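Here is how the chains run, residue by residue.
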Amino acid sequence: MTEQKGIKRHSIIVLAAVVLLVFFHFIGALKPVENLAIRIFSPVQNILFSTGNGIKGFYQDRLQRRNLVSENEILKDQIQKLTIENSQLKIFRDENDSLRKLMGFYEDNKLPHTTARIIAKDTANPNIYILNRGTRDNIKNGDPVVADEGFIIGKIISTDQDNSKCMLLTDNQSLIAATIQNGANTVGAVEGEYGLSIIMKYIPQNEEVKEGDIVITSGLENNIPKGLIIGHIEKVQTSQDQLFKEAYLAPLVNLEKISLVSVINQ
Amino acid sequence: MVKTAIKIITIILLALLQISLVSALPFPLNNILIYIILLVIFIMLSNIDFSFIFLVLGFGIVLDMYSPYPFGMYTLALFLTTLSLNFLYQKMFSSISVISMATSGVLCIVLYNFYFTLLAYFAFLLNITSVSTSLDIIFFKNLFWQIMINLLILVGIHIIFYKKFQSLFITIKKENVF
């Protein structure tokens, strides 16, 4: 009987505490405490996340032959540089100088941005990365997150003062407007699939699309400029009885290895 | 006072370990759930005194601070898991054997995922959040590896600390474990 009372008493206290905390959080009273705590924890998290990445890196290196890995990295770097150059030349050719405000982006490839570090992944959804920058650095929901000078990896889905959450393009709930650089600038929508791949949908059947074509952001969404590279087409799936065809994309960035990103905050 | 402060700092450090270190580890090690392991151990050792439930509160708050889900979801899910597991443990087990620890571990993980998914689903339905969970093959694959990895750790802890557990189980009466 005493046991039951003890359990009941403690449970009621904790439940009351949870309800109060949730209430204070939603009215904003808890924000200063949370922000202070996050600021204090951030350096510790940097160290812990780097340690975890280090362990993962060590583990992965041991499984691969070092020569093949480094040669592969050199070739990938070259492919990335050539892809960026190629994509930029195509954009220059297609745009009209006097009518576009965003020519500055194409001329010197500079956009207002904030560099951020990945300090954690969400426990329930590993496709959500937690960054160490937030509204204090002018980051807001919907801002694109890029890596390696122009490869978009995701979008900001929620922000606090000193941190924000980025949902990767490979997540099932990710959706972004995109254009294929195939001469016809075919427009479609890019969705994630189970955290593993990216697929572009709603490509009209009559559009010419082939493997190797580069897919970029179309600029149709509010916060996302045109020209950020999403990936290249790996495989095209057509079916005569469907209105649209689909294309599987390969990202040009290893999402498992990045720790430093930029958030474009126009 | 100092003892309480040390306990609070320990909870926070363990929560940060879970969020930042464990999540960065390679698969399947990133499925380790520190708070579940601690919960199972404390329920088995503290089946008379329930004050360890404050551990749940501390862990949950830190997890909620870094979560894209509505604030309080992790804490509520952990709280419900603790109550359910404690109730089941009281009714089903009377010893601290490896079987009871393993069964409690599996039950704890399944219950936690059930409560969390349910809460996330309702929050999405009520438009409180735009982030939802889905019961797809990835979910069940993660659940499988969560059970395997954490079960391995619990059984390992039980084997290593068996004698200590026995003496704690016998001697603890009204004393606070946490």
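Each chain carries its own residue numbering, running from 1 in the direction its sequence is written. The order in which chains are written sets their letters, starting at A; the order in which ligands are written sets their numbers, starting at 1. Per-residue local features of the predicted model are confined to residues with pLDDT of at least 70, and side-chain atom pairs are confined, for both listing and counting, to 80 or more; whole-chain, interface and lining totals are unaffected and use all residues. The side-chain numbers reported here are obtained from all heavy atoms of the structure, hydrogens and water having been left aside.

(A) Region of interest: the overall build of chain B. Here a helix means four or more residues in a row that DSSP labels H or I, a strand means two or more in a row labelled E, and each is numbered from the N terminus. Secondary structure assignment for chain B yields seven helices and zero strands. Shown N-terminal to C-terminal, the secondary structure of chain B runs as helices and strands in the order α-α-α-α-α-α-α.

(B) Fine view of helix H2 (residues 34–45) of chain B. By this rule, a helix spans an expected 1.5 Å times one less than how many residues it contains. Under the 1.5 Å per step criterion, the end-to-end length of H2(B) is 17 Å for twelve residues, consistent within 8% with the ideal 16 Å. Exposure is judged per residue with a 1.4 Å probe applied to protein chains only, and the accessible area is read against the type maximum: over 50% gives exposed, under 20% gives buried, and values in between give partly exposed. The buried fraction of H2(B) is high, at twelve of twelve residues.

(C) Summary view of the interface of chain A and chain B. Two residues qualify as a contact provided that any one of their heavy atoms is within 4.5 Å of a heavy atom in the partner residue. In this assembly, 46 residues from chain A lie in contact with 45 residues from chain B. When two parts are brought into contact, each loses some accessible area as probed by a 1.4 Å sphere; the total of that loss over both is the buried area. Of all residues in chain A, Val14(A), Phe41(A) and Thr123(A) give up the largest surface area on contact with chain B, accounting jointly for 15% of the area buried on that side. Take a side-chain nitrogen of Lys or Arg and a carboxyl oxygen of Asp or Glu: if they are within 4 Å of each other, that pair is a salt bridge. Our count for the contact surface shared by chain A and chain B stands at zero salt bridges. Any pair of N or O atoms that falls within 3.5 Å is considered a polar contact. Within protein, one atom must be able to donate a hydrogen and the other to accept it, and sequence-neighbouring residues count only if both atoms are side-chain atoms. Scanning the region where chain A abuts chain B turns up seven residue pairs in polar contact (both at pLDDT 80 or more). Among the secondary structure elements, those contributing two or more residues to the side of chain A that touches chain B are helix H1 (2–27), helix H2 (31–63), strand E1 (113–121), strand E2 (128–131) and strand E4 (151–159) of chain A. By residue class, the composition of the side of chain A that touches chain B is 26 nonpolar, 13 polar and seven charged. Amino acid classes used here: Ala, Val, Leu, Ile, Met, Phe, Trp, Tyr, Cys and Pro are nonpolar; Asp, Glu, Lys and Arg are charged; the rest, including Gly, are polar.

(D) How the structure looks around the nonpolar core. Judged by nonpolar contacts, the single largest core of 69 residues is most densely connected at Tyr35(B), Ile36(B), Val40(B), Phe59(B), Tyr66(B) and Tyr112(B). Of all the elements, H2(B) adds the most residues to this core, at twelve residues. By nonpolar core we mean a set of buried residues, namely Ala, Val, Leu, Ile, Met, Phe, Trp, Tyr and Cys, connected to one another through side-chain atoms within 4.5 Å.

(E) Main features of unusual backbone geometry. With an omega of 0°, the peptide bond between Phe27(B) and Pro28(B) qualifies as cis. Along the chain, Pro28(B) turns up in the loop between helix H1 (2–21) and H2. One non-glycine residue with positive phi stands out, namely Asn185(A), at about 50°. You can call Asn185(A) partly exposed: its relative accessible area is 27%.

(F) Up close: the packing of aromatic side chains. Residue and element names in this part refer to chain B. Geometry of aromatic contacts follows a simple scheme: Phe, Tyr and Trp rings, the Trp one being its six-membered ring, pair when their centres are within 6.5 Å, and the pair is stacked under 30 degrees between planes, edge-to-face over 60, tilted otherwise. For the structure shown, the criterion picks out twelve aromatic pairs over all chains. For the ring pair tyrosine 35 and tyrosine 112, a centre distance of 5.5 Å and an interplane angle of 65° mean the geometry is edge-to-face. Note that tyrosine 35 is positioned in helix H2 and tyrosine 112 in helix H5 (residues 98–125), a separation of 77 residues in sequence. Comparing tyrosine 35 with tyrosine 112 shows no difference in burial state: the two are buried. Ring geometry for phenylalanine 144 and tryptophan 145: centres 5.5 Å apart, planes at 80°, overall edge-to-face. Of the residues examined, phenylalanine 144 reaches a relative accessible area of 45% and is grouped as partly exposed. Joined through ring pairs, the aromatic side chains of Tyr35, Phe59, Tyr69, Tyr74, Tyr112 and Phe116 make up one cluster.

(G) Fine view of the packing of H1(B) against H2(B). Residues and elements named next belong to chain B. H2 packs onto H1 with a crossing angle of 135° between their chain directions and a minimal axis gap of 9 Å. The angle between H1 and H2 places the two elements in the oblique class. On H2, the residues touching Leu14, Leu17 and Gln18 of H1 are Ile34, Tyr35 and Leu38. Between N-to-C directions, angles span 0 to 180 degrees; the directions come from axes that are lines fitted to C-alpha atoms, helices contributing only their stretch in contact. Each angle is binned into one of four classes, with values under 35 degrees roughly parallel, values over 145 roughly antiparallel, values of 65 to 115 roughly perpendicular, and all other values oblique.

(H) Representation of the packing of helix H3 (residues 53–65) of chain B against helix H4 (residues 73–92) of chain B. All names here are of chain B. Two elements in contact, H3 and H4, have axes separated by 7 Å at closest approach and are oriented at 155°. Judged on the interaxial angle alone, H4 and H3 are roughly antiparallel. By crossing handedness, the relation of H3 to H4 is classed as right-handed. On H4, the residues touching Ile53, Val56, Leu57, Phe59, Gly60, Ile61, Leu63 and Asp64 of H3 are Met73, Tyr74, Thr75, Leu78, Phe79 and Thr82. Taken together, the residues that form the contact of H3 with H4 break down as ten nonpolar, three polar and one charged. Crossing handedness: left-handed means the near helix sits turned counterclockwise from the far one by under a right angle, and right-handed means the same turn made clockwise.

Keep in mind that these numbers describe shape and distance, not what the molecule does.
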